[in-house]
Amino acid sequence: MGSSSASSPAAHSGPASLLWFRKGLRLHDNPALHAALEGAVALYPVFVLDPTLLGPARVGVNRTAFLLESLRALDAGLKERGSRLIVLRGEPLAELERVMMQWRIGRLVFEADTEPYARVRDAGAAELARRLGAELKTPGGHTLYDPGVLAEAAGGTLPLSYGSFLKLVAKVGEPPAPLPTPERLPPVGDLGEAERSGIPTLVELGHQEKAAGLAFVTPGEQGALATLSAWTSVPARVAAFEKPATDPSAYAPAATTRLSAHMKFGSLSARTFYHALREAERAAGAYSQPPTSLAGQLLWREMFTTIGAVTPNYDRMVGNPVCRQIDWDDTPALLAAWTEGHTGYPWIDAAMRQLNTEGWMHHLARHSVACFLTRGDLWQSWEAGQGVFDRLLIDADWSLNAANWMWLSASAFFTAIDRIYSPVAFAKKYAGARSYVRHYLPELAGVPDAFLLEPWTMTAAQQRQAGCVLGRDYPLPIVDHAPARERNLSRMRAAYARGRKGESPASG
Ligand SMILES: Cc1cc2nc3c(=O)[nH]c(=O)nc-3n(C[C@H](O)[C@H](O)[C@H](O)COP(=O)(O)OP(=O)(O)OC[C@H]3O[C@@H](n4cnc5c(N)ncnc54)[C@H](O)[C@@H]3O)c2cc1C
């Protein structure tokens, strides 16, 4: 990556810029950073730890740790360029108002964010800038395309199918090339009061347990770019990537890039990721295609984020015009068993324990557990599952989480309701499933391979011999899959027959 025009305080007489980082935790391909630098006499890079978005009840230890380490990495990158990150704690608008007045900020810049909480917050920030007489810039940067541009190109109604979305993207053209990384940044001025703040520890934020997920993903843009380059430096691997063929039981290393946490926090730019993949594909000659290719995964992200940006109530069923209205049950005991990995189905439980301990699981494992919770076995609302994922995933992303839960529960995007994952037969397709189960469910370590994915088929004597007595060491299945499948399928057919669903989302 090249360098942009180096900025120095002496060279400009422009405003003091405050760059408010939220996502977009990177210096490469960062449109907000470029907008903040334009002619600025001083640059104040700020991150505000927002109590509404933090705390153990709201966010698991892995995501909190990932965020804190990402902030440290961002601070290091800024320091290498003559700047630093200023980390504040508190209600963002109150903090911004305080420091904008103290530092006499003439320009406020942040990356546009389409999530509902962010929209309300950012409207307040825009009003604050107006009140303080500061210029406001909010360029995009989280996605390949500006969601508004795609919605407009769609002529009012965004397509809900991937094929049509690809056509829309083709109409708009290739995403813009990444922006260069600045080599030098203007120094931060006198910080006054804010100087006392820094990046807190996990314990200070109320987390006692270990962030085991950080063993698999290195926070910060350098970590992201290193992982990306490890993939793209082997073009044949990128070219051969077919998502449905990747193995959900592979965990160390995973069969997919595991770059999702970086995409969530923006420590990897979508455009940098996409263009690097396209370059690797071209280098390889022949390559897989969307929807299954790696570049195709980024287009799923694009589609789900863009639709989320214009769809009311995207993260819930009621009032969501793309979501089918289904009479889900509400059984807290079933939800709790699923959440904790105590369903009695080892494949489901191993995946949920992986989520609990490491904050990640493979896409097809997400398919399995989401189908199991909703239309497959337990008939619980996708919103409940979405909430659990939102708390525990490192990569929890408001749009992607909602969209994929709607998909798996056949509430939107996907309608092949009789395609239901078996919590046993599906796992049997993977040679690694048994070691995956043994790794995440140590209580099953002594169970012979033949019974491992369906331990209830062991006799009482076999259970004693394996050191795993069902009902004592590991639960009996909380549901009988075959009859549950049939029962749920007929409930789903009835919901489809009622046909209650709104219109396609309008652009807006
Ligand atoms: C029920 C359910 C909930 C999900 N919730 C989230 C979530 O909160 N956050 C999240 O990032 N992904 C979510 N996904 C999508 C997907 O499972 C993850 O993005 C993926 O497993 C992350 O691993 P990876 O980075 O190795 O993916 P790779 O296969 O290496 O893909 C590269 C990138 O493409 C994007 N991507 C891949 N698959 C999808 C997809 N189906 N939809 C949208 N973008 C995709 C991600 O940014 C990912 O990092 C969910 C999937 C399901 C079934």
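The rules behind each value
- Residues numbered from 1 in each chain as written.
- Predicted model: local features only at pLDDT ≥ 70, side-chain atom pairs only at ≥ 80, totals over all residues.
- Heavy atoms only, no water.
- Helix = DSSP H or I, 4+ residues; strand = E, 2+ residues; numbered from the N terminus.
- Buried < 20%, exposed > 50% of the residue type's maximum accessible area, 1.4 Å probe, protein only.
- Pairing = 2+ DSSP bridges.
- Axes fitted to C-alpha atoms, helices over the stretch in contact; angles between N-to-C directions.
- Contact = heavy atoms within 4.5 Å.
- Phe/Tyr/Trp six-rings, centres within 6.5 Å; stacked < 30°, edge-to-face > 60°.
- Lys NZ or Arg CZ within 6 Å of the ring centre and 35° of its normal.
- Domains from an automatic or database assignment.
- Buried area = accessible area lost by both parts, 1.4 Å probe.
- Salt bridge = Lys/Arg side-chain N within 4 Å of Asp/Glu carboxyl O.
- Near = heavy atom within 4 Å.
- Polar contact = N/O pair within 3.5 Å; in protein donor to acceptor, adjacent residues only side chain to side chain.
- Areas by Shrake-Rupley, 256 points an atom, 1.4 Å probe, with all protein chains shown as cover.
- 1 Å grid on protein atoms, 1.4 Å probe; cavity = no way out; pocket = protein on both sides within 12 Å on 5 of 7 lines; lining within 4 Å.
- Sits in = over half its atoms within 2 Å of the grid points.

**Student:** It is not clear to me how unusual backbone geometry should be interpreted in this structure. Could you clarify?
**Tutor:** Glycine aside, negative phi is the norm for most residues, and most peptide bonds take the trans geometry. P253 follows A252 through a cis peptide bond whose omega is 5°. By secondary structure assignment, the location of P253 is in the loop between α8 (235-240) and α9 (260-265). That bond from P290 to P291 is cis: its omega, 5°, falls within 30 degrees of zero. Residue position: P291 is located in the loop between α10 (270-284) and α11 (294-310). In this structure, W379 is a non-glycine residue whose phi angle is positive, near 55°. Summarising the element assignment, W379 is placed in the loop between α14 (363-376) and α15 (382-392). Judged by its relative accessible area of 1%, W379 is buried. Notably, A410 is not glycine yet its phi reads approximately 55°, a positive angle.

**Student:** Looking at this model, I keep getting lost on the sheet that holds strand β2 (residues 42-49). Mind explaining?
**Tutor:** Hydrogen bonds between backbone groups are what pair the strands of a sheet, and the pairing can be parallel or antiparallel. Reading across from one edge, β3-β2-β1-β4-β5 is the order of the five strands in this open sheet, with parallel pairing throughout. Looking at strand neighbours, the two that pair on one side only are β3 (86-89) and β5 (135-137), the edges of this open sheet. Sheet twist, expressed as the mean angle between neighbouring strand axes with direction ignored, is 25°. In the sheet, strand β4 (residues 107-110) pairs with β5 via three bridges, with the strands oriented parallel. Opposite R107, over in β5, you have E135 as the bridge partner. With respect to the sheet, helix α3 (residues 92-102) is in contact with β1 (16-21), β2, β3 and β4, its orientation differing from that of β1 by roughly 160°. Packing against the sheet, helix α4 (residues 116-132) makes contact with β1, β4 and β5, and its axis sits at approximately 165° to β4.

**Student:** Whenever I open this one, the packing of aromatic side chains confuses me. Can you help?
**Tutor:** Any pair of aromatic rings gets described here by the distance separating the centres and the angle formed by the planes. For the structure shown, the criterion picks out 24 aromatic pairs. For the pair W347 and F426, a centre-to-centre distance of 6.2 Å together with 65° between the ring planes defines the contact as edge-to-face. A residue pair is termed long-range when its members are at least 10 positions apart, and W347 in helix α13 (residues 346-358) and F426 in helix α17 (residues 425-428) qualify at 79 residues. Accessibility classification places W347 together with F426 in one group, the buried group. Plain terms: the ring middles of Y421 and F426 are 4.9 Å apart, the flat faces sit at 90° to each other, and that makes the pair edge-to-face. For F426, a relative accessible area of 8% puts it in the buried group. Ring pairs connect the aromatic residues Y251, W347, Y421, F426, Y430, Y436 and Y440, which therefore count as one cluster. Over the ring of W20 we find R22; its NZ or CZ atom is 4.5 Å from the centre of that ring. Here the guanidinium or amino end of R237 rests over the ring plane of W231, the centre of that ring lying 3.6 Å away.

**Student:** I'm lost on the domain arrangement of the protein chain in this one. Help?
**Tutor:** By convention, interface size is frequently given as the accessible area that disappears when the constituent parts associate. What the domain assignment lists for the protein chain is domain 1 (13-141), domain 2 (143-177 + 221-310) and domain 3 (332-498). On a C-alpha basis, the centres of domain 1 and domain 2 stand 26 Å from each other. Contacts between the two partners involve 14 residues from domain 1 and, on the opposite side, 16 residues from domain 2. Taking both partners together, domain 1 and domain 2 bury about 1,400 Å²; carbon and sulfur atoms supply 53% of that area. Inspection of the domain 1/domain 2 interface yields one salt bridge.

**Student:** Would you mind showing me how to read the site of the ligand here?
**Tutor:** Every one of the 29 residues lining the ligand counts as a neighbour, but T256, T257, R258, H363 and D395 are closest to it. A distance of 2.6 Å separates an oxygen atom of the ligand from a polar backbone atom of R258. Contacts to the ligand include D395, whose backbone N or O atom sits 2.9 Å from a nitrogen atom. Bound to the protein, the ligand loses 99% of the 820 Å² it would expose on its own. The cavity that encloses the ligand is the largest pocket. Among the secondary structure elements, those contributing two or more residues to the shell around the ligand are α9, α11, α14 and α16 (398-408).

**Student:** Is there a simple way to explain the side chain of Q325 in this structure?
**Tutor:** In this structure, Q325 sits in the loop between α11 and α12 (332-340). The buried category is assigned to Q325, whose relative accessible area is 13%. Polar side-chain contacts of Q325 include one of 2.9 Å to the backbone oxygen of C323. Contact partners of Q325, with chain neighbours within four places excluded, come to M317, V318, N320, A495, R498 and R500.

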